[in-house]
Amino acid sequence: MKEIKGYTPTPWEVKDCHDDTRTAEIKSGNKNIATVWAYNNGKQQIDFNEQSANATLIAAAPSLYEENIKLREGIIALRLVLDLITTSPEWIKNYGGGAVDKKAATVLKQTEK
């Protein structure tokens, strides 16, 4: 995973799960990122399995973020290709200009920001 400027280095891992204190720590190397507690005001709020699942989800955040960036870049590239295809006179002359291209152009216009 590449490092993202301004964010805590990865990987994040669930470490130091303590059944006695009902905590799970998410760390990057030796640096503590977060502590997931099973208690709130001295009362148990969630069981250890749910606490572990929450910690695992938090630890996965950088990987999920990176995959979202890849998806976004892919969607942008696809949008550029579709825009090129639906507006290129050469494409329209040789291959398109029909109903599918017109529908694609309409969808592209609706998704413009």
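The rules behind each value
Residues numbered from 1 in each chain as written. Predicted model: local features only at pLDDT ≥ 70, side-chain atom pairs only at ≥ 80, totals over all residues. Heavy atoms only, no water. Helix = DSSP H or I, 4+ residues; strand = E, 2+ residues; numbered from the N terminus. Buried < 20%, exposed > 50% of the residue type's maximum accessible area, 1.4 Å probe, protein only. Contact = heavy atoms within 4.5 Å. Areas by Shrake-Rupley, 256 points an atom, 1.4 Å probe, with all protein chains shown as cover. Pairing = 2+ DSSP bridges. Axes fitted to C-alpha atoms, helices over the stretch in contact; angles between N-to-C directions.

A. Local environment of the overall build of the chain. In terms of regular secondary structure, the chain is built from four helices and five strands. Listed by position from the N terminus, the elements making up the chain come as β-β-β-β-β-α-α-α-α. Within the chain, buried positions represent 19% of all 113 residues. Considering only residue pairs separated by 6 or more positions, the chain has 32% of its internal contacts joining residues 24 or more positions apart. Looking at the chain as shown, the accessible area adds up to about 8600 Å², and 57% of this sits on carbon and sulfur atoms.

B. Focus on the sheet that holds strand β2 (residues 23-28). Taken together, three strands build an open sheet; the order of strands is β1-β2-β3 and the sheet is antiparallel. Two strands bound the open sheet, and with one partner strand each, they are β1 (13-18) and β3 (31-37). Here the strands of the sheet are splayed against their neighbours by 25° on average, with no regard to which way each runs. Looking at chain direction, β1 and β2 are connected through four bridges and run antiparallel. Bridge assignment links Lys15 to a residue of β2, and that residue is Glu25.

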